[in-house]
Amino acid sequence: MAQEFTSRLHIPKAPFRPDEEPDFSYLDIPSPESSSKPEPLIDPNAIRHMAYGLVRVLDDDHKAKGEWHPQLSADKLRFGLKKMMHVRAFDDRMFAMQRQGKLCFYLKCTGEEAVAVAQAMALDQQDMCFPTYRQQGLLFARGYPVVDMMCQCLSNSRDNLKGRQLPVLYSWKEGGFFTVSGNLATQYCQAVGWAMASAYKGEDHIAAAWVGDGSTAEADVYHALQFSSTYQAPVILNVVNNQWAISTPQSFASAGTTFAARSLGFHIPGIRVDGNDFLAVYAVTQWAAQRARNGGGPTFIELFTYRVASHSTSDNPDAYRSPKEAELWPLGDPITRLKNHLISLGEWSEEQHLALQQELKESVTADWQEALSYGSLEEGPHWPLSSMFDDVFKELPQHLQIQRQKMEHGHE
Amino acid sequence: MSKMNMVQAINSALDIKMSQDPCVLVMGEDVGFFGGVFRCTEGLYQKHGPHRSLDMPIAEGGIIATAIGMGVNGLRPVVEIQFADYIYPAFDQIVSELARLRHRSGGEFWAPVTIRTPCGGGIRGGQTHSQSPEGIFTHVCGLKTVMPSNPYDAKGLLISAIEDDDPVLFFEPKRIYNGPFDGDHNKPSVSWANHPLGEVPEEHYSIPIGQATISQAGNDVTVLAYGTMVHVAAAAIKQSGIDAELIDLRSLVPLDLNTIANSVKKTGRCVVIHEATRTGGYGAELVAEVQEECFWHLLAPIERVTGWDTPYPHAFEWEYFPSQERIIEALQRTLENR
């Protein structure tokens, strides 16, 4: 019998597995006043500490404090709140429809709504977004019709992607939302190329890209850091650290430090921000956009948040993490925090909130009915079968014409 | 008309497109100030500026990803991957992204990227500077794959590739950059100066992607080849005295099946040649297409002459390289079946 090894291999651990009581007291959560806001064109070496800090604006009493306070109008705050609530109502509806068998797959962003909504609002409408699959909030903030999103998820006759992609892998060229790949991190350095082209043409549009904590391990992330640094591309590189990559904790990719710190070797500012703080996310994104637009090059932002829902409809998180984590997450919920802030300003109320919640719920229900009227994956109608051969190339080459004919006639 | 070798013809195509269209730029490792390790981008940096002849960090995946982003934002990047052997770090970007962008986005996004890359052996490059990976890419839907065999075609096809709105992989057989090579390494090298296809117009012209050319007409057997092997096959045919029809495919995807089928229906015999490894190579696809189209016209089994299924060996390069002798044997075998 072979002798067992006495292994010295280090295996990172999850903070809490299902049978453990979460205790997040080990997290260092600074006050909003403790972060100073540098000039946008500052030398990255002068703000290395920001990669290890945490920019916050909303304090525990729902007041906006500190140098990063973006001083947004109440209208703008209400707009952000409404968009985040709309995303959540949409996610809840779509998740339920998947559970009822109407969709083959769905993926929520619960608890992370501030990331995409606040970032979209801090960017210009002409700036190009290279999202991953959990930034549906960008589409809401930029005004993509909800029915169109649903039609994509249903792969029906009105799906702008012609039934070719899994649900949630949206594409909206007109709105500056790049086609979501489904392969992780591949879009990250493409955003850098897009930004380089913008600079090449002398335009001032910038690009923004997102990856999750887990996929920072992909080579594409280092390509993006390297190329954006080399050519000082006007791009914002975001890492949404929601603590979990399906069942794998962020510690498998974080190397025992912050994700923001990863940009320091590339001489790119790395900023860590409270991802559940709408105002802080807005302020940091606005700063990075200003830096990029003024020739300061890339910024690397770690959005520190928590994935409240499962990774997707295909996994049960109770099997790999403590079910109490979300409730005990010390940075709270982004919608609740912005709501309380608006209430503290006298610009919102519990009644208005409940009424809006109800209105949005009814609105997504009506949208769902309309979307279903254009068909579903299981029952159709879909795009015409022959459309499968379109867009492989700009024009249909001879071999695809022949294959299409064979398919349509049902025999060789 | 001017005498050009393949390097000069490629350089001329790049220069013309960069002069015509401000959205065209070249990018890759050492392509800028230095002009490329094979000199294909020489002078472009000095003439068109450093931003249009971009030296890049050594990360092929990053280079292709960057080109895709540029393409999406309206530019027409022409990437040089220094050796085809170095293309694999970019495989995901080429296969999962570049090739499928238009389809997966319902036609919303595309990136008109041309990827130039020197391929093939015969230069004592060992296993990391000699590969012919075209068959890996012809298997991927959404990519066009091209391999010219002479300066005239190289310029015309490269201009077409740059003007194409689909991604094109443009393989450059480096053994014939400076002159045609008939497979006999003991002979002194020959330049393109005395070859009719070394006569290249200075101005813009294009050769459509997807059209093969009959290099040499004949009646008894059809020989399908591309790149360096066109010249080796021509020499083998000449030496054998066999009345063979030699087709230079030029474009692998899309493939000019009509020209191939017309020829094989006439000759009833076919030999397929490539330098790449055998199993699953593009030759297998050619054999399959020919037998589907021409089975009842065939008088003999279709022969394949290819590199062996081994890495390209440094010391035994000429035993690996499909030689005139191996081609002649295949031609003779196919003619034995009466």
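Residues numbered from 1 in each chain as written. Chains lettered and ligands numbered in written order. Predicted model: local features only at pLDDT ≥ 70, side-chain atom pairs only at ≥ 80, totals over all residues. Heavy atoms only, no water.

Under an unreviewed UniProt entry, the name given to chain B is 2-oxoisovalerate dehydrogenase subunit beta, and the source organism is Dasania phycosphaerae. Chain B has a UniProt comment under Cofactor (unreviewed entry) that states "thiamine diphosphate". Reading the Function (unreviewed entry) entry of the UniProt record for chain B gives the comment "The branched-chain alpha-keto dehydrogenase complex catalyzes the overall conversion of alpha-keto acids to acyl-CoA and CO(2). It contains multiple copies of three enzymatic components: branched-chain alpha-keto acid decarboxylase (E1), lipoamide acyltransferase (E2) and lipoamide dehydrogenase (E3)." (UniProt positions renumbered as here; feature names shortened; annotations may be inferred.)

Taking an unreviewed UniProt entry as the reference, chain A is identified by name as 2-oxoisovalerate dehydrogenase subunit alpha belonging to Dasania phycosphaerae. Quoted verbatim from the Sequence similarities (unreviewed entry) field of UniProt, the annotation for chain A is "Belongs to the BCKDHA family." Its UniProt record gives chain A the following Catalytic activity (unreviewed entry) comment, quoted word for word: "N(6)-[(R)-lipoyl]-L-lysyl-[protein] + 3-methyl-2-oxobutanoate + H(+) = N(6)-[(R)-S(8)-2-methylpropanoyldihydrolipoyl]-L-lysyl-[protein] + CO2".

Attention now goes to the pattern of salt bridges. Residue and element names in this part refer to chain A. Scanning the model with the defined rule gives 38 salt bridges over all chains in all. Residue R293 is joined to D124 by a salt bridge in which the shortest nitrogen-to-oxygen separation is 3.6 Å. Residue R293 is located in helix α8 (residues 278–293), and its partner D124 is located in the loop between α2 (113–122) and β1 (128–130); the two are separated by 169 residues in the primary sequence. R272 serves as the salt-bridge partner of E302, at 3.5 Å between the closest nitrogen and oxygen. In this pair, E302 is assigned in strand β7 (residues 299–304) and R272 in strand β6 (residues 270–274), connecting sequence segments 30 residues apart. For E302, a relative accessible area of 1% translates into the label buried. What makes R272 buried here is its relative accessible area of 11%. (Salt bridge = Lys/Arg side-chain N within 4 Å of Asp/Glu carboxyl O. Helix = DSSP H or I, 4+ residues; strand = E, 2+ residues; numbered from the N terminus. Buried < 20%, exposed > 50% of the residue type's maximum accessible area, 1.4 Å probe, protein only.)

Moving on, we come to the side chain of A:S263. All names here are of chain A. Mapped onto the secondary structure, S263 falls in the loop between α7 (251–254) and β6. Of the residues examined, S263 reaches a relative accessible area of 0% and is grouped as buried. Among the polar contacts made by the side chain of S263, one reaches the main-chain carbonyl oxygen of I268 at a distance of 2.8 Å. Residues in contact with S263, not counting those within four places in the same chain, are L225, I268, P269, G270 and F300. (Polar contact = N/O pair within 3.5 Å; in protein donor to acceptor, adjacent residues only side chain to side chain. Contact = heavy atoms within 4.5 Å.)

Take the packing of aromatic side chains next. In this structure the tally under the stated criterion is 26 aromatic pairs over all chains. Between A:F130 and A:F178, the aromatic rings sit 4.6 Å apart at their centres with planes inclined by 40°, giving tilted as the arrangement. With A:F130 in strand β1 and A:F178 in the loop between α4 (146–154) and α5 (188–200), this residue pair connects regions lying 48 residues apart in the sequence. Of the residues examined, A:F178 reaches a relative accessible area of 0% and is grouped as buried. Grouped by ring-pair contacts, the aromatic residues A:F16, A:F24, A:Y26, A:F304, A:Y306 and A:W329 constitute a single cluster. Above the face of the B:F34 ring, B:R39 is positioned so that its terminal group lies 4.5 Å from the ring centre. Against the face of B:W308 rests B:R326, its NZ or CZ located 3.8 Å from the ring centre. (Phe/Tyr/Trp six-rings, centres within 6.5 Å; stacked < 30°, edge-to-face > 60°. Lys NZ or Arg CZ within 6 Å of the ring centre and 35° of its normal.)

It is worth spelling out the domain arrangement of chain A at this point. Here chain A is described as being made up of domain 1 (42–381) and domain 2 (384–412). For domain 1 of chain A versus domain 2 of chain A, the separation of C-alpha centres amounts to 37 Å. (Domains from an automatic or database assignment.)

Here we take up the domain arrangement of chain B. Residue and element names in this part refer to chain B. Each assigned domain of chain B is listed with its residue range as follows: domain 1 (2–176) and domain 2 (210–336). The gap between the C-alpha centroids of domain 1 and domain 2 is 26 Å. Contacts between domain 1 and domain 2 engage 26 residues on the former and 21 residues on the latter. Taken together, both faces of the contact between domain 1 and domain 2 bury some 2,000 Å²; the carbon and sulfur share is 56%. Contact with domain 2 buries surface across domain 1, with R124, M147 and S149 losing the most and accounting together for 27% of the total. The interface formed by domain 1 and domain 2 includes two salt bridges. R250 is paired through a salt bridge with D153; the nearest N and O atoms lie 3.2 Å apart. (Buried area = accessible area lost by both parts, 1.4 Å probe.)

Contact with chain A, which involves 40 residues of that partner, is made by 46 residues of chain B. Overall, the association of chain A and chain B removes approximately 3,500 Å² of surface from exposure, summing both partners, and the carbon and sulfur fraction of that is 59%. Summed over the shared surface of chain A and chain B, the result is one salt bridge. When the shortest N-O distance is used, the salt bridge between A:K394 and B:D165 registers 2.6 Å.

Sheet strands pair via backbone hydrogen bonds, and the direction of the pair is either parallel or antiparallel. Residues and elements named next belong to chain A. Reading across the sheet, the five strands line up as β1-β2-β3-β7-β6 and stay open at both edges, with parallel pairing between neighbours. The sheet is open, and its two edges are formed by β1 and β6, each paired on a single side. The average undirected angle you get between the axes of adjacent strands in this sheet is 20°. Note: strand β3 (residues 235–241) against β7, six bridges, orientation parallel. By the bridge assignment for β7, V239 is matched with E302. (Pairing = 2+ DSSP bridges. Axes fitted to C-alpha atoms, helices over the stretch in contact; angles between N-to-C directions.)

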